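Next come the chains, spelled out residue by residue.
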Amino acid sequence: GPRFYFGFSSAVNLRSPKTEDVVRAVPADRLLVESDLVSPEKADAELREMVAFVARARGWTVEEAARITRENARRFYGVE
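Just so we're clear, the structure is a prediction, and the values are computed from it rather than from any experiment.

Located in the positive-phi region is D36, a residue other than glycine, with phi close to 55 degrees. You can see D36 is positioned in the loop between β2 (31-33) and α3 (43-58). Here D36 falls in the partly exposed class, since its relative accessible area comes to 42%.

Structure representation (structure tokens):
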């Protein structure tokens, strides 16, 4: 459906060797990054790590990965 997205976090997804293949398989307009942390203190670093991972997996620059996942998050939350 139009609100079906896939969220990835370094705290959970980087434990699996399959994550890179899964990130590549997800349509670009359905990718989200998240921290999955209880405390906000390390959230920024965790999000940056996952954006860098997505960029490498997809062959994008970090800036492209950040822009694309930010646009997806805005659509997901209805903040366009």
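Now for the packing of aromatic side chains. Geometry of an aromatic ring pair is reported as the spacing of the ring centres plus the angle between the planes. Taken as a whole and judged by the stated rule, the model has three aromatic pairs. Judged by centre distance (5.2 Å) and plane angle (80 degrees), the rings of Y5 and F76 are edge-to-face. Within this pair, whereas Y5 is found in the segment before β1 (6-8), its partner F76 is found in helix α4 (residues 62-77), the two being separated by 71 residues in sequence. Using a relative accessible area of 22% as the deciding quantity, one classes F76 as partly exposed. Here a set of aromatic residues connected by ring pairs shows up, and it is made of Y5, F76 and Y77. The aromatic ring of Y5 is capped on one face by R30, whose charged end is 4.7 Å from the ring centroid.

The next thing to look at is the environment of Y5. You can call Y5 buried: its relative accessible area is 13%. Spatially, the C-alpha atoms of Y5 and V54 are 15 Å apart, while their sequence positions differ by 49 residues. With sequence-adjacent residues up to four places away left out, Y5 is seen in contact with D29, R30, L32, N72, R75 and F76. A distance of 3.1 Å separates the side chain of Y5 from the side chain of R30, its partner in a polar contact.

To continue, consider the nonpolar core. Grouped together as the largest cluster of nonpolar side chains are 13 residues, with contacts concentrated most on F8, V23, L31, M50, V54, W60 and A65. Only α3 and α4 provide two or more residues apiece to this core. At six residues, α3 tops the list of elements feeding residues into this core. Ignoring any residue separated from it by four or fewer positions in sequence, one finds V23 in contact with F8, L31, F53, V54, A57 and R58.

Right, let's talk about the environment of F53 for a bit. Relative to the helices and strands, F53 is located in helix α3. Note on F53: relative accessible area 14%, which makes it buried. Placed 18 residues apart in sequence, F53 and S35 show a C-alpha to C-alpha distance of 13 Å. Apart from residues lying up to four places away in sequence, F53 is in contact with L14, T19, E20 and V23.

Definitions and cut-offs
- Residues numbered from 1 in each chain as written.
- Predicted model: local features only at pLDDT ≥ 70, side-chain atom pairs only at ≥ 80, totals over all residues.
- Heavy atoms only, no water.
- Helix = DSSP H or I, 4+ residues; strand = E, 2+ residues; numbered from the N terminus.
- Buried < 20%, exposed > 50% of the residue type's maximum accessible area, 1.4 Å probe, protein only.
- Phe/Tyr/Trp six-rings, centres within 6.5 Å; stacked < 30°, edge-to-face > 60°.
- Lys NZ or Arg CZ within 6 Å of the ring centre and 35° of its normal.
- Contact = heavy atoms within 4.5 Å.
- Polar contact = N/O pair within 3.5 Å; in protein donor to acceptor, adjacent residues only side chain to side chain.
- Core = buried A, V, L, I, M, F, W, Y, C linked by side-chain atoms within 4.5 Å.

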